[in-house]
Amino acid sequence: MMAAMMLPSALPLLYRFGQEMESRRHWPLAAGVLAGTYLAVWLGFGLALYVIYTALGMPWPNQPIVGAAAIGLAAIYGLTPLKRAAQARCRELCSLHQPLPFNVWRAGAVAGFRYGLSCLGCNAFLMAAMLAVGMTNLAWAVLVSVFAVLYRLVPRRSGLRFEVLVSLTLGVAAAVNVVG
């Protein structure tokens, strides 16, 4: 489910990759390799979280509080330099500023893996919070998807103001999770 939620945030990269590679043979299949590699990174992360989730014996009776704490951690992480660095790297990779291998298949795999890791750096805490809140919580799933796309589309010059706004929104979501 995490992988499927994160695919829309990869659409700008897929579009840019298609523009760069459209003159080369088999570029549509290479774009599929890119999407598959990107989704494989998220699938691996999702499986790791699931193993942790089951090892901890979740859900717990006080799951709303655990979910709120996870959302709060995601809000705090959103203000860290590590998160901003991952976000900058994600935007850079989305623009394909780095050279890719000549082989179109390998280029798709390398771009998908690089982008998947940087995207994971941006959104890992949001996804972990989603698992703690509950994978069937549609409102949280929509909120996480919107943030994942906005992280790539909001201009850099908005800087810390956007991050603070996202963190405040997450704080409100944490409070709603405890109350509701």
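Cut-offs used in this document
- Residues numbered from 1 in each chain as written.
- Predicted model: local features only at pLDDT ≥ 70, side-chain atom pairs only at ≥ 80, totals over all residues.
- Heavy atoms only, no water.
- Core = buried A, V, L, I, M, F, W, Y, C linked by side-chain atoms within 4.5 Å.
- Buried < 20%, exposed > 50% of the residue type's maximum accessible area, 1.4 Å probe, protein only.
- Helix = DSSP H or I, 4+ residues; strand = E, 2+ residues; numbered from the N terminus.
- 1 Å grid on protein atoms, 1.4 Å probe; cavity = no way out; pocket = protein on both sides within 12 Å on 5 of 7 lines; lining within 4 Å.
- Points joined across faces, edges and corners; volume = space filled by probe spheres on them.
- Nonpolar A, V, L, I, M, F, W, Y, C, P; charged D, E, K, R; others polar.
- Contact = heavy atoms within 4.5 Å.
- Axes fitted to C-alpha atoms, helices over the stretch in contact; angles between N-to-C directions.
- Parallel < 35°, antiparallel > 145°, perpendicular 65-115°, else oblique.
- Arc of directions from axis to C-beta.
- pLDDT = per-residue confidence, 0-100.
- Phe/Tyr/Trp six-rings, centres within 6.5 Å; stacked < 30°, edge-to-face > 60°.
- Patch = residues over 30% accessible without salt bridge, like charges linked within 9 Å, V, L, I, M, F, W, Y side chains within 5 Å.
- Areas by Shrake-Rupley, 256 points an atom, 1.4 Å probe, with all protein chains shown as cover.
- Salt bridge = Lys/Arg side-chain N within 4 Å of Asp/Glu carboxyl O.

Student: I would appreciate a short explanation of the nonpolar core in the present structure.
Tutor: Burial of nonpolar side chains together is a common tendency in soluble globular proteins. The biggest cluster of nonpolar side chains holds 53 residues, and the ones touching the most others in it are W42, I71, L126, M127, W140 and L170. Broken down by secondary-structure element, the contributors of at least two residues to this core are α1 (2–6), α2 (11–21), α3 (27–55), α4 (63–77), α5 (81–94), α6 (104–133), α7 (138–153) and α8 (159–179). At 15 residues, α6 tops the list of elements feeding residues into this core.

Student: Please clarify how the layout of surface pockets should be interpreted in this entry.
Tutor: Over the atoms a probe the size of a water molecule is rolled, and this reveals where empty space is left. Taken as a whole, the second largest pocket encloses approximately 180 Å³ of empty space. What lines the second largest pocket is simply L49, I52, Y53, L56, M58, W60, V66, A70, A128, L131 and A132. Those elements that provide at least two residues to the lining of the second largest pocket are α3, α4 and α6. When its residues are assigned to classes, the lining of the second largest pocket shows eleven nonpolar, no polar and no charged.

Student: Looking at this structure, I do not really get the environment of M127. What am I missing?
Tutor: Among the structural elements, M127 can be located in helix α6. C-alpha separation for the pair M127 and S145, spaced 18 residues apart in sequence, amounts to 9.7 Å.

Student: Teacher, can you tell me more about the side chain of S167 here?
Tutor: Mapping S167 onto the fold places it in helix α8. For S167, a relative accessible area of 9% translates into the label buried. Discounting residues that sit within four places of it in the chain, S167 has contacts with A75, G78 and L79.

Student: Teacher, can you tell me more about the packing of α4 against α6 here?
Tutor: The description of two helices packed together rests on the angle between their axes and the distance between the axes. Between α4 and α6, the least distance of the axes is 8 Å, while the angle of their chain directions is 170°. On the basis of the axis angle, α4 is roughly antiparallel to α6. Together, Q63, V66, G67, A70, I71, L73, A74 and Y77 of α4 and G121, C122, F125, L126, A129, A132 and V133 of α6 make up the contact between the two elements. Taken together, the residues that form the contact of α4 with α6 break down as twelve nonpolar, three polar and no charged.

Student: Which parts of the structure should I look at to understand α2?
Tutor: Residues that lie three or four places apart on an α-helix share one face, since the helix turns once every 3.6 residues. For α2, the complete set of buried residues consists of L13, L14, F17, G18 and M21. All buried residues of α2 project into a common sector of 135° when viewed along the axis, lining one side.

Student: Is there a simple way to explain the confidence of the model for the protein chain in this structure?
Tutor: Detailed conclusions should not be drawn from predicted coordinates in areas where pLDDT is low. Averaged over the protein chain, the pLDDT score is 80; the fraction of residues at 70 or greater is 88%. Mean pLDDT per element in the protein chain: α1 is the minimum at 67, and α3 is the maximum at 89.

Student: How do you make sense of the packing of aromatic side chains when you look at a structure like this?
Tutor: Two aromatic rings are characterised by how far apart their centres lie and by the angle between their planes. Tallying each qualifying case throughout the model produces three aromatic pairs. Measuring from centroid to centroid gives 4.4 Å for Y77 and F125, while their planes differ by 25°, and the two rings are stacked. Taken together, the residues Y77 in helix α4 and F125 in helix α6 connect sequence positions 48 residues apart. Given a relative accessible area of 11%, Y77 falls into the buried group.

Student: What is the right way to look at a nonpolar patch on the surface in this model?
Tutor: A cluster of nonpolar side chains, L79, L160, V164 and L168, forms an exposed patch at the surface whose accessible area comes to about 350 Å². Assignment of secondary structure puts L79 in the loop between α4 and α5. L79 sits in the partly exposed class, given a relative accessible area of 37%.

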